[in-house]
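Spelled out, the chains give:
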Amino acid sequence: MGKFKDLVDSGKFLAGDGAFGTQLIARGMQPGDVPELWNVERASDVEEIHRKYVEAGASCIETNTFGGNAITLGRHDLAHRVAELNKAGVEAAKKAVAGTDTLVAGSIGPTGVLLAPMGEGKPDEMQKAFAEQAKALAEAGADVLFVETMTSLDEAVLAIEGAKESGLDIVATMTFNKTKRGFFTIMGDKISVCVKRLVEAGACAVGSNCGNGTDVMVEVAREFKEAANVPLVFQSNAGLPKMVDGESVYTEGPEHLEAFARNCIEIGVSYIGGCCGTSFEHVAAIAKVVAEKNA
């Protein structure tokens, strides 16, 4: 049993961090750039972003390794640097949390490839890629692994199965769309089925991140609560982006994330964080609520 599971099983609420790509873009990352390269080429910037989330009150921060698997990095001829980039990502995060109780979660995102027969993805290659990434994150000192933003249940299960080889606690979160028939992933997976398979695969906590603003994410959390008997993890966008003067703008402020945190805790969500469009201020609002509930 690892640190993450110990904390949530004890009944403690945790505050997650917020968007990372937004912060990299603010520091000069351009479309088409590889975020994971910043872990070695601009490590001080990565560490600074992490540190600001820690200062905002995050109980756990996620590494800048979302696309750090060999399949995704391979599209940029970087598959041979999986271990290097993931380990550097953990090292930057570990420096930022030094002297605090903040946990470091190794971020594992999807490959961007569809599994056969819909695409050319091969299950064994996918699982191998996730296992390689998870091993690097664990060896560098990550406390827990977050398999996140998954839209394919089959891929999420492969990620968990690959990540299990690391020996770390695994959290799995997926992205859902609201339809007239309820909530489904874009691949047609409903919440109750996702919960069952994710837990059976080995996830110690499940939930949702990305794709929705706070109001809809609260609805998703309620459905998860009905279906799950493991801790829940939810990370909401700051609303859905709108184009303002040619720029994509997220419209929900810190007050929305504060209300989101209160609603999530009332439902029974253990870990509340931010996703796309959220900032240090959004995380501070979440952390304030979490601190009150843990007092």
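Peer 1: Explanation requested: the environment of aspartate 169 in the structure shown.
Peer 2: When you line up the elements, aspartate 169 lands in strand β5 (residues 169-174). When its relative accessible area of 11% is taken as the criterion, aspartate 169 is described as buried. As for aspartate 169 and asparagine 212, which are separated by 43 residues in sequence, their C-alpha atoms are 26 Å apart. Only 3.1 Å separates the side chain of aspartate 169 from the backbone nitrogen of lysine 5, close enough to count as a polar contact.

Peer 1: Would you explain the layout of surface pockets in this entry?
Peer 2: Any empty space left between atoms is shown by rolling a water-sized probe over those atoms. Here the largest pocket is characterised by a volume of approximately 720 Å³. For the largest pocket, the lining is made up of 37 residues, of which Phe20, Gly21, Phe66, Ser107 and Glu148 are closest to its centre. Mapped by element, the contributors of at least two residues to the lining of the largest pocket are α2 (21-26), α5 (70-74) and β4 (144-150). For the lining of the largest pocket, the element with the most residues is α2, which contributes 4 residues.

Peer 1: Explain the pairing of strand β3 (residues 103-108) to me, please; I cannot follow it from the model alone.
Peer 2: Along a regular strand, successive side chains alternate from one face of the sheet to the other. Along β3, 6 of the 6 residues are buried, which leaves the element largely enclosed by surrounding structure. Looking at chain direction, strand β2 (residues 60-62) and β3 are connected through 3 bridges and run parallel. Bridging across to β3, isoleucine 61 finds its partner in valine 104. Two elements, β3 and β4, share 4 bridges in a ladder whose sense is parallel. Each bridged residue has a counterpart across the sheet, and for serine 107 the counterpart in β4 is phenylalanine 146. In this fold, the crossover linking β3 to β4 by way of helix α7 (residues 123-139) has right-handed handedness.

Peer 1: Mind showing me how you'd approach the sheet that holds strand β8 (residues 205-209) here?
Peer 2: Hydrogen bonds between backbone groups are what pair the strands of a sheet, and the pairing can be parallel or antiparallel. Read from one edge of the open sheet, 8 strands run β1-β12-β9-β8-β5-β4-β3-β2, paired in parallel fashion. Bordering the open sheet on either side are β1 (14-15) and β2, each of which pairs with just one other strand. Summarising the sheet, β8 and strand β9 (residues 232-236) pair through 4 bridges and their orientation is parallel. In the sheet register, glycine 207 faces β9, and the bridge partner there is valine 233.

Thresholds applied
Residues numbered from 1 in each chain as written. Predicted model: local features only at pLDDT ≥ 70, side-chain atom pairs only at ≥ 80, totals over all residues. Heavy atoms only, no water. Helix = DSSP H or I, 4+ residues; strand = E, 2+ residues; numbered from the N terminus. Buried < 20%, exposed > 50% of the residue type's maximum accessible area, 1.4 Å probe, protein only. Polar contact = N/O pair within 3.5 Å; in protein donor to acceptor, adjacent residues only side chain to side chain. 1 Å grid on protein atoms, 1.4 Å probe; cavity = no way out; pocket = protein on both sides within 12 Å on 5 of 7 lines; lining within 4 Å. Points joined across faces, edges and corners; volume = space filled by probe spheres on them. Pairing = 2+ DSSP bridges. Right-handed = clockwise from strand over helix to strand, strands pointing away.

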